[in-house]
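One letter stands for each residue in the lines below.
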Amino acid sequence: GADLARELAGRGHGLTLVARREDRLRELADELSGRVRVEVIACDVADAAARADLLDEVGRRGLKMDILVNNAG
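Residues numbered from 1 in each chain as written. Predicted model: local features only at pLDDT ≥ 70, side-chain atom pairs only at ≥ 80, totals over all residues. Heavy atoms only, no water.

Asker: Pulling in residues and values, what's your account of the nonpolar core?
Answerer: General note: in soluble globular proteins, nonpolar side chains tend to be found buried as a group. Membership of the largest hydrophobic core is limited to 11 residues, which are A5, A9, L15, L17, L25, L28, A29, L32, V36, V38 and V40. Going through the elements one at a time, α1 (2–10), β1 (15–19), α2 (22–32) and β2 (38–42) are the ones with two or more residues in this core. In contact with L28, not counting residues within four places along its chain, are A2, A5, R6 and L17. By size, the runner-up hydrophobic cluster in this structure holds six residues, among which are C43, A50, L54 and L63. (Core = buried A, V, L, I, M, F, W, Y, C linked by side-chain atoms within 4.5 Å. Buried < 20%, exposed > 50% of the residue type's maximum accessible area, 1.4 Å probe, protein only. Helix = DSSP H or I, 4+ residues; strand = E, 2+ residues; numbered from the N terminus. Contact = heavy atoms within 4.5 Å.)

Set out below in structure tokens:
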């Protein structure tokens, strides 16, 4: 996932990073934020309620997805 994020950032795509471990997301966001816009949302995508909350959060932030990389394990 991190390598895909780096590749997309290298191509100029803004990113919304989603995973359970917010600390790891923040580290990657810090690395990439000098190049593109990076949002961090901590979420366990294996949990149905958390996925619903994720969609709500994306909407609250006004984010638009052009590319979705489903890299969950």
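What follows picks up the thread again.
Asker: Quick rundown of the pattern of salt bridges? Include the residues and the values.
Answerer: Applying the stated criterion across every chain, the model contains nine salt bridges. With a shortest N-O distance of 2.9 Å, E22 and R26 are connected by a salt bridge. Here R26 and E22 lie together in helix α2, a separation of four residues that amounts to about one turn. Look at E22 and you get partly exposed, because its relative accessible area is 36%. Measuring nitrogen to oxygen at the nearest pair gives 2.8 Å for the salt bridge that ties R61 to E39. Pair noted here: R61 is in the segment after α3 (48–60) and E39 is in strand β2, with a separation of 22 residues, a long-range link. The exposure class assigned to R61 is partly exposed, which follows from its relative accessible area of 32%. Via salt bridges that share partners, E39, E57, R60 and R61 belong to a single interconnected network. (Salt bridge = Lys/Arg side-chain N within 4 Å of Asp/Glu carboxyl O.)

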